[in-house]
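# Examination of the molecular architecture
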Amino acid sequence: MKLNTSQQIVVASPTNTRWAGKIWWGSLLFVLIIGIVSLVKGYFLEGMTSTNLSNIVPWGVWVVFYIYFIGMSAGSFLLSTLIYGFGMHKFEEIGRSALLSATVSMITAITFISLDIGRPDHVLNAIIYWNVTSTMAWEIHFYILYIILLVVELYFSMRPDLVKGASRKTQLAKWYGLLTLGYRNLSQKALELDRKRLKVLGIIGIPLAIFGVHGGTGSIFAVVKSRPFLNTGIFPVVFILSALVSGTALSIAIYIIKNKVLKRSNDVSMVRALGSLLGLFLVVELGLEWYEALIGWYSLKTEELETIHVLAGGPYWWTFWVFQMGLAMVIPLLILFMPRTRKSIPWILAASISTIIGVVGVRFDMVLPILIVPVMKGLPSGNYFPTVSEWVTSFGLIAMCLLLYTLGEKILPIDQHNKEDGGI
Amino acid sequence: MSANKQTSRDKEFKWAMVIDLQKCVGCDTCTVSCKAENRTPPAVSYNVVIEETVGAFPNVRNRNIPRPCMQCDKPPCVQVCPVRASYKLENGIVAIDNDRCIGCRYCQVACPYGARSYDFGLSYEQEMVGYNEVQGSDYGKNHGERNATSVPVGTVRKCTFCMHRLERGEEPACVETCIGDARYFGDLNDPNSVVSKLAANSRAFRLKEELGTEPRVIYLL
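Residues numbered from 1 in each chain as written. Chains lettered and ligands numbered in written order. Predicted model: local features only at pLDDT ≥ 70, side-chain atom pairs only at ≥ 80, totals over all residues. Heavy atoms only, no water.

### Re the overall build of chain A
- Across its full length, chain A carries 14 helices and 0 strands.
- Computed over the C-alpha atoms, the radius of gyration of chain A is 22 Å, within 12% of the 22 Å expected from 2.2 N^0.38 for a compact globule of 424 residues.
- Dimensions of chain A, computed from C-alpha atoms along their principal axes, come out at roughly 70 × 55 × 45 Å.
- Expressed as a percentage of its 424 residues, the buried residues of chain A come to 57%.
- Look at the contacts in chain A between residues 6 or more apart in sequence, and 80% of them connect residues 24 or more apart.
- Split by element, the accessible area of chain A, about 18,300 Å² in all, is 72% carbon and sulfur.
- When the 33 positive and 23 negative side-chain charges of chain A are each reduced to one mean point, those points stand 10 Å apart. (Helix = DSSP H or I, 4+ residues; strand = E, 2+ residues; numbered from the N terminus. Rg over C-alpha atoms; globule rule 2.2 N^0.38 Å. Buried < 20%, exposed > 50% of the residue type's maximum accessible area, 1.4 Å probe, protein only. Contact = heavy atoms within 4.5 Å. Areas by Shrake-Rupley, 256 points an atom, 1.4 Å probe, with all protein chains shown as cover. Lys, Arg positive; Asp, Glu negative; His and termini not counted. Charge placed at Lys NZ, Arg CZ, Asp CG, Glu CD.)

Dropping the structure here:
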């Protein structure tokens, strides 16, 4: 197992990688700092008036990004359970990075939704008082459980490498030693036990991620009977599917980009298998979305028709046609089904990146069109587009997410490219 | 003995409002008097009058639907609140504990009547000197001066059936000021009350009855 990849690369191509790294860190830090400035100026000093939210559209871009990152997290985690829970060792190499991206996405999601809270000083009430009929209350508790599970699982998946790294003469040896908490057992038996622990955690995690975290987040929206377009049984399922889509796309993109940066070769058959998996998830998602729209449309109810109208023909039609249907559906599907492109690594990467960008539109369309249509005929229609402050803060948090991931890769044994000891 | 009787009777009150749409002229007096009574800030209105034009020219008419909070018996807002800051009182009113509300606005999304507003912290101080000196007394609570951090700024607010007025034996402001006497207020537990009688009228209906929210505001068509 390569523990100090970064150093080895520096040896391999000193100037190029160093510069690329500097630009990456520098630009992300810059965006993050601007984001923090905007956060303090907007959210902390001006409160919700720094947003374009109103009493007709009470939820905006922060909620959109919150469910976007929740989806990324649940999807990445489910992909990792294929390995740790179900023993699909074909995907071994992306296991830890999927767990890391799941953890980092979850942290980002929680940061986004914390911004949407009007009274940060009251926020502990969400833990103290628990309304058992509230899906949101359940979610808050599921998120806490889920993030603990992610961290524990990531820790156990890395522990053998932490132990090994602690005894090597590298910069990180001391840090690794600290993280092992004094644990030094590397016997076959101990490794076997760790593998079992991972399996149990993975299997507990599957229902937690599917029904608790993601299906549950879908239910936050689906239980709202005042918005007939959302109020369907299929909505939480669409949510889970789009999580799988975005999580798989994210894992593919991270894997290929990382190998490109580190000038390493890809495990071509694994990338192709992941590509097919992404294609499959996309097709199922398209099917479910079709039924959701069809049943709403067929009812001919005013709210349903108006929501579909806002979605496909309103002022923000492009979020649906360009992002949701184009970037996150038709383009990746074409790439992943055409014989010429579906086997090519660059094309699969293109499909993944297109999906990752497009899913922002998917999330946008889950939150906003239903809020724009008034709940009662005669009440004013909503109109919402994020303010500059909302955008800048959002980009800052996205930069924070990328920084956290890069930092994790640097200071933790996440990379599993060299599988000399089979990983765990 | 009589004191006991009094408390048990208190619990027995089930407040309800009846609005006769034939009498409503759409003058918005209810909206204005509500704003004055509850000192609601800009962008917060506990009561609005939804004006709709029905039909095609030349056969058109205006329909005005005054819309306070429906004080539902099965309130979706109470169901979804993550911190139990919204709850049902024994007298039928749906209350908000603004000291507990975290301002997530889930109830606003869940309300089928659009009756809830978020307090963005705006103020009429520019137009009305002294506006910030005292806040409205929702549910009989005194929140003192209005500033950026004082409750209920940053939380969700809605019509309280003027509970602070009910407690001193007065009708809600909108009922008292309605120029056409289109609003009636009273106790649905008392079969002889005006609201009980009107609720049994064949003209009586409630908004979005099909959702099963069981509103306590009854309209007469």
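### Notes on the interface of chain B and chain A
- On the side of chain A, 39 residues touch chain B, which itself brings 43 residues to the contact.
- Between chain B and chain A, a total of about 3,300 Å² is buried, with carbon and sulfur atoms accounting for 57% of that surface.
- A per-residue breakdown of the area chain B buries against chain A is headed by Tyr106(B), Val109(B) and Phe120(B), which together make up 22% of the total.
- Counting across the chain B and chain A interface gives 2 salt bridges.
- In this structure, Lys377(A) engages Glu52(B) in a salt bridge whose closest nitrogen and oxygen atoms are separated by 3.4 Å.
- Viewed at the interface, chain A and chain B are joined by 30 residue pairs in polar contact (both at pLDDT 80 or more). (Buried area = accessible area lost by both parts, 1.4 Å probe. Salt bridge = Lys/Arg side-chain N within 4 Å of Asp/Glu carboxyl O. Polar contact = N/O pair within 3.5 Å; in protein donor to acceptor, adjacent residues only side chain to side chain.)

### Some points on the environment of Pro191(B)
All names here are of chain B.
- Within the secondary structure, Pro191 sits in the loop between strand E8 (183-187) and helix H7 (194-199).
- Among the residues examined, Pro191 registers a relative accessible area of 60% and is labelled exposed.
- Residues Pro191 and Pro75, 116 residues apart in the sequence, show an inter-C-alpha distance of 24 Å.
- Apart from the residues within four sequence positions on either side, Pro191 is in contact with Ser196 and Lys197.

### Quick notes on the sheet that holds strand E9 (residues 204-205) of chain B
Residues and elements named next belong to chain B.
- In space, the 4 strands of this open sheet follow the order E8-E1-E10-E9, with mixed pairing throughout. Among the strands making up the open sheet, the edge pair consists of E8 and E9.
- Taken together, the 2 bridges between E9 and strand E10 (residues 217-220) define a ladder with antiparallel strand orientation. Paired with Ala204 across the bridge in E10 is Leu220. (Pairing = 2+ DSSP bridges.)

### Some details on the environment of Asn142(B)
Residues and elements named next belong to chain B.
- If you trace the backbone, Asn142 turns up in the loop between strand E6 (117-118) and strand E7 (156-157).
- Taking the C-alpha atoms as reference points, Asn142 and Asn201, separated by 59 residues in sequence, lie 39 Å from one another.
- Here Gly144 takes part through its backbone nitrogen, which lies 2.9 Å from a polar atom of the side chain of Asn142.

### Details of the confidence of the model for chain A
All names here are of chain A.
- Mean pLDDT for chain A: 89, with 95% of residues reaching 70 or above.
- pLDDT under 50 marks residues 1-12. Its contacts with residues more than four places away, or in other chains, come to 28 contacts.
- Below a pLDDT of 50 lies the segment residues 420-424, which in the model reaches 16 contacts outside its immediate sequence neighbourhood of four places, other chains included. (pLDDT = per-residue confidence, 0-100.)

### Points about helix H6 (residues 135-166) of chain A
- Taking 1.5 Å of rise per residue, 32 residues should cover 46 Å, and H6(A) covers 44 Å from first to last C-alpha, within 8% of that figure.
- At Arg159(A), H6(A) is bent by approximately 50°, the largest bend along its length, and proline Pro160(A) sits one to four residues beyond. (Expected span 1.5 Å × (residues − 1). Bend = angle between axes of the 7 residues up to and from the residue.)

### Looking at the nonpolar core
- Counting 171 residues, the largest nonpolar core has Trp59(A), Tyr66(A), Phe77(A), Tyr146(A), Phe221(A), Val367(A) and Phe161(B) as its most contacted members.
- The element contributing the most residues to this core is helix H3 (residues 61-84) of chain A, with 18 residues.
- When residues no more than four places from it in sequence are discounted, the contact partners of Val367(A) are Trp59(A), Val63(A), Val64(A), Ile67(A) and Phe221(A).
- Within the second largest apolar cluster, 5 residues are counted, among which are Val18(B), Val195(B), Ile218(B) and Leu220(B). (Core = buried A, V, L, I, M, F, W, Y, C linked by side-chain atoms within 4.5 Å.)

### A word on the packing of helix H9 (residues 235-261) of chain A against helix H13 (residues 345-372) of chain A
Residue and element names in this part refer to chain A.
- Orientation of H9 relative to H13, taken along the N-to-C sense of each, is 145°, at an axis distance of 8 Å. Relative to H13, H9 is oriented so that their crossing is left-handed.
- A breakdown of the residues in the contact of H9 with H13 according to their chemical character gives 18 nonpolar, 4 polar and 1 charged. (Axes fitted to C-alpha atoms, helices over the stretch in contact; angles between N-to-C directions. Left-handed = near helix turned anticlockwise from the far one by under 90°. Nonpolar A, V, L, I, M, F, W, Y, C, P; charged D, E, K, R; others polar.)

### Some points on the packing of aromatic side chains
- Here the structure, examined in full by the defined rule, presents 30 aromatic pairs over all chains.
- An angle of 15° between the planes, with centres 5.8 Å apart, marks the rings of Phe69(A) and Phe112(A) as stacked. Linking Phe69(A) in helix H3 with Phe112(A) in helix H4 (residues 95-115), this pair joins segments that are 43 residues apart in sequence. By the burial criterion, Phe69(A) is buried, and Phe112(A) matches it.
- On the numbers, 6.1 Å between centres and 55° between planes, the contact of Trp318(A) with Phe323(A) is tilted.
- We classify Phe323(A) as partly exposed; its relative accessible area is 23%.
- One aromatic cluster is present, built from ring pairs that chain together Tyr316(A), Trp318(A), Phe323(A), Phe385(A), Trp391(A) and Phe395(A).
- If you follow Arg100(B) out to its NZ or CZ, it ends over the ring of Tyr129(A), 3.3 Å from the centre. (Phe/Tyr/Trp six-rings, centres within 6.5 Å; stacked < 30°, edge-to-face > 60°. Lys NZ or Arg CZ within 6 Å of the ring centre and 35° of its normal.)

### Describing helix H12 (residues 317-337) of chain A
Residues and elements named next belong to chain A.
- Along its length, H12 shows its largest kink, about 55°, at Gly326.
- Within H12, the full set of buried residues consists of Thr319, Phe320, Gln324, Met325, Gly326, Ala328, Met329, Pro332, Leu333, Ile335 and Leu336.
- Lining the buried residues of H12 we find helix H10 (268-298), helix H11 (302-313) and H13.

### Quick word on a nonpolar patch on the surface
All names here are of chain A.
- Together, Val123, Leu124, Ile127, Ile128, Ile144, Ile148 and Val152 make up an exposed nonpolar region whose accessible area comes to about 610 Å².
- When residues of the nonpolar patch are traced back to their parent elements, those giving at least two are helix H5 (125-128) and H6.
- Here the nonpolar patch gets 3 residues from one element, more than from any other, and that element is H6.
- Looking at the secondary structure, you find Ile128 in helix H5.
- Overall, the relative accessible area of 57% leaves Ile128 in the exposed class. (Patch = residues over 30% accessible without salt bridge, like charges linked within 9 Å, V, L, I, M, F, W, Y side chains within 5 Å.)

### Describing unusual backbone geometry
Residues and elements named next belong to chain B.
- Backbone torsion omega between Phe57 and Pro58 reads 5°, so that peptide bond is classified as cis.
- Along the polypeptide, Pro58 turns up in the loop between strand E2 (48-54) and strand E3 (61-67).
- Following Val151, the chain continues into Pro152 via a peptide bond in cis, with omega recorded as 5°.
- Within the secondary structure, Pro152 sits in the loop between E6 and E7.

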